[in-house]
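Chain by chain, the residues run as shown.
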Amino acid sequence: MGLRQLVIDAWSWLNYKPVMAEAGRPGSNAFPELAKTWVPPTELRRLAAYKVLASYDNNQAGQLAAAGGDAVALERRELGDAANLVDTVLGYLLGSEQKVVVEGAEHADEETPTPGAAEAGAVQDRLRKWADKELLTFRVQQAERSAVLLGDSVMVLAWNPEKQRPTLRVYDPGFYFPEWDDEDEDFPSRVHLAWELPADDDAGLKARVRRVTYELGPVSEGDEHDVDGAEAGGRRYPWEPGRASNVTCYLTDAEWLLEDLKNGETLERLPVDKAAYRVRADGTELNRLDLMIDFVPVVHIANTIPDGGEHWGRSVLARVLQALDELAATDSDSSAASATTGTPIIGLAGARLPVDRATGRPQELQVKAGAVWQLGETGRMDALDTSRQLAELRARVDHLLERIAANSRVTAAGLGTLDATEVPSGYALKLALGPLDALIGMMRLAREHKYRLLFKMVQRLYQAGRAHGWTAGETLPARLAWAPHTPTDRGAVLEEVVQAYGAGVLSLETAVTMLLEAGYPIKDASQEVARIRAKAEQEAAVRMAEAAARRGREDDQEDLEDRREGDGSEVPGARKPVREPVEVGR
């Protein structure tokens, strides 16, 4: 089945797949769940693309191709090359660790801290404690693997009054359905998280769809007050105490039975009269619940920087998907060729075949160790040699791996397939890793402002929840700091830092930060600076004490000598003058 309609969009690199060939209903045969009436037609290609990419990650691309009509694809061998590429890129993206950093906090422990440094340091400590409690490193790995594989991931924040902190959850991007009022907007004003719940006969539950909606809207009449309840002609949020706002975020969580939905009643137009709203533990119905915040607490992370007019990222597998298909097919051919090489096809002429006594028919010969075949005087045995074909297929596998490494920009050095003996120097290795450096730099840039937004939301949720220690005021800028993605020459960095700091061209804070980024086991740069300065002050005090002690001994020695010269007597403990010999004739 060929492409029925030429479509160029964020997922057109999948048009060669039969399941994506039909632009109107892509994947309807392979993914029947996408044919549900509640799924918006405009989202079908995106959801089908996620399904295709997930099949490659789980070594099911052959099954997907078979569902599209290629019956031979079921015999395709898939050895985890797609998952290995995803995990390799994920490892380089994350580095060895991630830290929450608030701008200005590095100067909090200085003798003369800059204005606002103490506040920034306190906010950084509180955010890091929140990150530990919410398992931020684990959540980031969840979200980032989805982003690297599928191109997108979604993180959702919510205030938990029992824990007195914001909670963070990661959702499948296939559950994420934003609504854009204007294409020029930076963030959607309405977001749906929707997924289907299967029927449970034991519990007596029918198949249904659940939809969680976050929507920005005007503050309800009679509720235009700030968090303290003072009438102000608009709500005053603690992060903007000097400005009144008439915008708030409403939460709706409801379910619909699939049998109650008709054609045309898609996700945005589900019937309100058939909704079953969920209820919180305190009995509050989640129907346009006012969250008392003026933002949607949902963060969408794109793997790459979207093109103009687009909002979705691109998978790391996008540009090499066809090469992965070729690699799987070549592996399958190589496996078949290795079978005929290890157990070759043999032709016999003039052989006396053993006869089955029960049937009287000749028995089938088997190629195995210790087998003896009787040949006549004109008998001959010929073996089919497929070793040359096997060598060619293995060479093609290596060629495809090199092509995948180059086109994905992970490089052979990044994938670990580069022979170390082929690298003449460290500088040559650095040049070989150049495309990987550019790839990781681009991916981290695409995430930079999204994590800044996440930490801004965390601070504002703390303020809205009136948590202890979080006072009203502007939100401080915070970011996620990544460790170096490739090994660094720590010795060279140390030498550079020592020379630069000794020459006075680098501050102590910058020098410690450089060592931290180079991979030295420094937990906190500001604490390390404080320890270095404390040790330097201690050593200076010891030197001053030793110098004072030496001066005291010298003064005592001078006093003793003065006393001896005054009365002509020897003083106990005083050093006797040494008489020099006098030459004859003097």
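Residues numbered from 1 in each chain as written. Predicted model: local features only at pLDDT ≥ 70, side-chain atom pairs only at ≥ 80, totals over all residues. Heavy atoms only, no water.

**Q** I would appreciate a short explanation of the packing of aromatic side chains in the present structure.
**A** According to the stated counting rule, one finds nine aromatic pairs in the structure shown. Aromatic side chains Trp-38 and Phe-177 sit 6.3 Å apart centroid to centroid with 75° between the ring planes, which places their arrangement in the edge-to-face category. With Trp-38 in the segment before α1 (44-57) and Phe-177 in strand β4 (residues 176-179), this residue pair connects regions lying 139 residues apart in the sequence. Taken individually, Trp-38 and Phe-177 each receive the classification buried, so the pair is uniform in this respect. Pairing Tyr-451 with Trp-482 gives two aromatic rings, centres 5.9 Å apart and planes at 75°, and the pair type is edge-to-face. With Tyr-451 in helix α10 (residues 434-464) and Trp-482 in strand β15 (residues 478-482), the pair connects residues that are 31 residues apart, well separated along the chain. Accessibility expressed as a relative area gives 17% for Trp-482, which makes it buried. Here the aromatic cluster, defined as three or more aromatic residues joined through ring pairs, consists of Trp-159, Tyr-462 and Trp-470. Seen from the ring of Trp-312, Arg-46 lies directly overhead, with NZ or CZ sitting 4.1 Å from the centre. Note that Arg-126 overlies the ring of Trp-470, its terminal NZ or CZ placed 4.5 Å from the centroid. (Phe/Tyr/Trp six-rings, centres within 6.5 Å; stacked < 30°, edge-to-face > 60°. Helix = DSSP H or I, 4+ residues; strand = E, 2+ residues; numbered from the N terminus. Buried < 20%, exposed > 50% of the residue type's maximum accessible area, 1.4 Å probe, protein only. Lys NZ or Arg CZ within 6 Å of the ring centre and 35° of its normal.)

**Q** Even after reading the chapter, I still don't get the environment of Gln-463, so can you show me in this structure?
**A** Summarising the element assignment, Gln-463 is placed in helix α10. Put simply, Gln-463 and Gly-473 are 10 residues apart on the chain and 8.8 Å apart in space, counted from C-alpha to C-alpha. Excluding anything up to four places from it in sequence, Gln-463 contacts Pro-238, Trp-239, Trp-470, Thr-471, Ala-472, Gly-473 and Thr-475. Within polar-contact distance, the side chain of Gln-463 engages the backbone oxygen of Thr-471 at 3.0 Å. Within the structure, Gln-463 has its side chain in polar contact with the backbone oxygen of Gly-473 (distance 3.2 Å). (Contact = heavy atoms within 4.5 Å. Polar contact = N/O pair within 3.5 Å; in protein donor to acceptor, adjacent residues only side chain to side chain.)

**Q** What is the right way to look at the sheet that holds strand β3 (residues 165-171) in this model?
**A** Strand-to-strand pairing in sheets goes through backbone hydrogen bonds, with the strands running parallel or antiparallel. With antiparallel pairing, three strands are arranged side by side in an open sheet as β3-β2-β12. Strand pairing shows two members of the sheet lacking a second neighbour, β3 and β12 (298-302), which therefore form its edges. Taken over all neighbouring pairs, the strand axes of this sheet differ in orientation by 25° on average, direction set aside. With seven bridges joining them, strand β2 (residues 152-160) and β3 adopt antiparallel strand pairing. Residue pairing across strands places Val-156 opposite Arg-169, the latter belonging to β3. Docked against the sheet, α10 engages β2, β3 and β12, running at close to 165° with respect to β12. (Pairing = 2+ DSSP bridges. Axes fitted to C-alpha atoms, helices over the stretch in contact; angles between N-to-C directions.)

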